[in-house]
Amino acid sequence: MSPVRALLLENLHPDAVTNLEQAGYEVITRTGALDEDELIDALQGVALLGIRSKTTVTARAIESSPDLVAIGAFCIGTNQIDLASAAHHGVAVFNAPFSNTRSVVEITIAEIIALTRRLTEFDRSMHEGVWNKSAIGAHEVRGRTLGIIGYGNIGTQLSVLAENLGMSVIFYDTAEKLALGNARRASTMDELLESADIVTLHVDGRPGNAGMFGGKQIARMRPGAILLNLSRGFVVDPASLREAIVSQHLSGAAIDVFPVEPKRKGDPFESELRGLPNVILTPHTGGSTEEAQEAIGNFVSHKMRDYLRTGTTTLSVNLPNLALDQAPGVHRLAYLHRNTPGVLAAVNATLAKHGVNIEGQLLATRGEIGYVVTDAGAPVEQAVVEALRARPESVRLRLLS
Ligand code: NAD
């Protein structure tokens, strides 16, 4: 039997290569992205594809690559992949939704301290040759109130670290969230804005969050407060923020994400926030650290390996999510199918007809796709596999052990 082949593009972390090789797969690496035709060519005979954000995986590429079983997006976003087409053809897609969250938390803490101590202004004066020694407007963060809007993976970690620095934490989230440590939940965003010295945004990218933080919300913030946005570029209105900084209503800001971001490294960057000494601007690098890259490399390659070996789809972004514990000695059948009535009954009837007992089974559905993983007590005969593959609702059937 020829070995499972993995194609890894865009210079993925070496741990991804090591993990897949250790799993027994043949790994081909390429440093850059491929265009559609090159990709289709390279994907023949390939079961696993690893990419970052620069490779577009179109419906045509998926349709033309019958050997493809899973795609790993070694990043957070998956817009570059036609997810519906991947699901339709039984190709699992995985990403790394929270491998870089610690990196975001650390830069947020760094920026909170930098702005509270006026570091950017002192640094700029010194480089301009001016000795501007002063304590005015410089504060400790201890005892200050941090307002966290969006208490998810990042917001909660930040809450814990900020309390360790002696800050008081208040948070606002539209969902019901458990308050960690001594953090206090605000029942409205206004309540948070009126009591926080520093407001930091960590909401997700749902469409309703576009423009959620504009002039009205900024005006509600305390005079001299600080605003940070490391979530999504469309959340904060940069013109209103500029106005608040210039009028000194706010004493500083840190912005990592922008409504329009340049496509390539080295491209020019335009923003009304440029040139303000108490505004820290970073090129969407909140989560960009070598540690995060390593964590992403390990997380996604393990997801792909586990899917191939056990059929586990936990955290897949396009297939029904399930994980079935496997007892030793069973024979696993992983069956992706159209989500229509009667498939489970057909699987079970086919196995029963061939005298195979079912030791464990899980079914999950997601949109048009259903997924049933079945552990059989005896080897599954080819006739069973063929009977199920021949069914009109069959998408992909894999015999895993
Ligand atoms: P998450 O999904 O775990 O948490 C988001 C939280 O925001 C959820 O609890 C949700 O209920 C809450 N929320 C959504 N809309 C809200 C609103 N209008 N008001 C109050 N709460 C609201 O996400 P996460 O992993 O913590 O990431 C947070 C954000 O940071 C995301 O937008 C993510 O894309 C972004 N991010 C940026 C970088 C970077 O490089 N700057 C890196 C990683 C993540």
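Residues numbered from 1 in each chain as written. Predicted model: local features only at pLDDT ≥ 70, side-chain atom pairs only at ≥ 80, totals over all residues. Heavy atoms only, no water.

Chemist: Could you give me a rundown of the pairing of strand 3 (residues 48-51), with the residues and numbers involved?
Modeler: Residues Leu48 and Gly50 point to one face of strand 3 and Leu49 and Ile51 to the other, with burial holding for every one of them. Strand direction decides the pairing type here: strand 1 (residues 5-8) and strand 3, joined by three bridges, are parallel. In the sheet register, Leu8 faces strand 3, and the bridge partner there is Gly50. Sheet topology note: the strand 3/strand 4 (residues 70-73) ladder contains four bridges and is parallel. The partner of Gly50 across the bridge, within strand 4, is Gly72. (Buried < 20%, exposed > 50% of the residue type's maximum accessible area, 1.4 Å probe, protein only. Helix = DSSP H or I, 4+ residues; strand = E, 2+ residues; numbered from the N terminus. Pairing = 2+ DSSP bridges.)

Chemist: Quick rundown of the pairing of strand 7 (residues 168-172)? Include the residues and the values.
Modeler: Taking burial as the measure, the five residues of strand 7 include four buried ones, the bulk of the element. The pairing of strand 6 (residues 145-149) with strand 7 spans five bridges and is classified as parallel. Its bridge partner being in strand 7, Thr145 is matched across the sheet by Ser168. Of the crossover connections in this fold, the one passing from strand 6 over helix 7 (residues 153-164) to the parallel strand 7 is right-handed. Of the pairings in the sheet, the one linking strand 7 to strand 8 (residues 184-185) comprises two bridges and is parallel in character. By the bridge assignment, Ile170 is partnered in strand 8 with Arg184. (Right-handed = clockwise from strand over helix to strand, strands pointing away.)

Chemist: Could you give me a rundown of helix 12 (residues 343-353), with the residues and numbers involved?
Modeler: Within helix 12 the residues assigned to the buried category are Val343, Ala346, Val347, Thr350 and Leu351. Seen end-on, helix 12 carries its buried residues on one side only, within an arc spanning 130°. Among the exposed residues of helix 12, those oriented more than 90 degrees off its buried face are Ala345, Ala352 and Lys353. Packed against the buried residues of helix 12 are strand 13 (331-338), strand 14 (358-366), strand 15 (369-376) and helix 13 (382-389). Following helix 12 by one or two positions, Gly355 adopts a phi angle in the positive range, close to 70°. (Arc of directions from axis to C-beta. Contact = heavy atoms within 4.5 Å.)

Chemist: Describe in detail the domain arrangement of the protein chain, supporting the description with residues and values.
Modeler: Per the domain assignment, the segments making up the protein chain are domain 1 (1-99 + 290-315), domain 2 (101-281) and domain 3 (320-392). Computed from C-alpha coordinates alone, the two centres of domain 2 and domain 3 are separated by 50 Å. (Domains from an automatic or database assignment.)

Chemist: Which residues make up the site of the ligand, and what values go with them?
Modeler: The local shell around the ligand holds 27 residues, among which Ile154, Asp173, Val203, Asn209 and Asp256 are the closest. Within the backbone of Leu230, an N or O atom sits 3.1 Å from a nitrogen atom of the ligand. Asp256 places a polar side-chain atom, nitrogen or oxygen, 2.8 Å from a nitrogen atom of the ligand. Protein contacts shield 87% of the accessible area of the ligand, which totals 860 Å² for the unbound molecule. (Near = heavy atom within 4 Å. Polar contact = N/O pair within 3.5 Å; in protein donor to acceptor, adjacent residues only side chain to side chain. Areas by Shrake-Rupley, 256 points an atom, 1.4 Å probe, with all protein chains shown as cover.)

Chemist: Give a description of the packing of aromatic side chains that names residues and reports values.
Modeler: Taken as a whole and assessed by the stated rule, the structure comprises four aromatic pairs. Summarising the aromatic geometry, the rings of Phe94 and Tyr307 are spaced 5.9 Å apart at their centres and angled 55° between planes, so their arrangement reads as tilted. Separated by 213 residues along the polypeptide, Phe94 in strand 5 (residues 92-94) and Tyr307 in helix 11 (residues 290-310) bring together distant segments of the chain. Taking 3.7 Å as the distance between ring centres and 5° as the angle between the ring planes, the aromatic pair formed by Tyr151 and Phe171 counts as stacked. (Phe/Tyr/Trp six-rings, centres within 6.5 Å; stacked < 30°, edge-to-face > 60°.)

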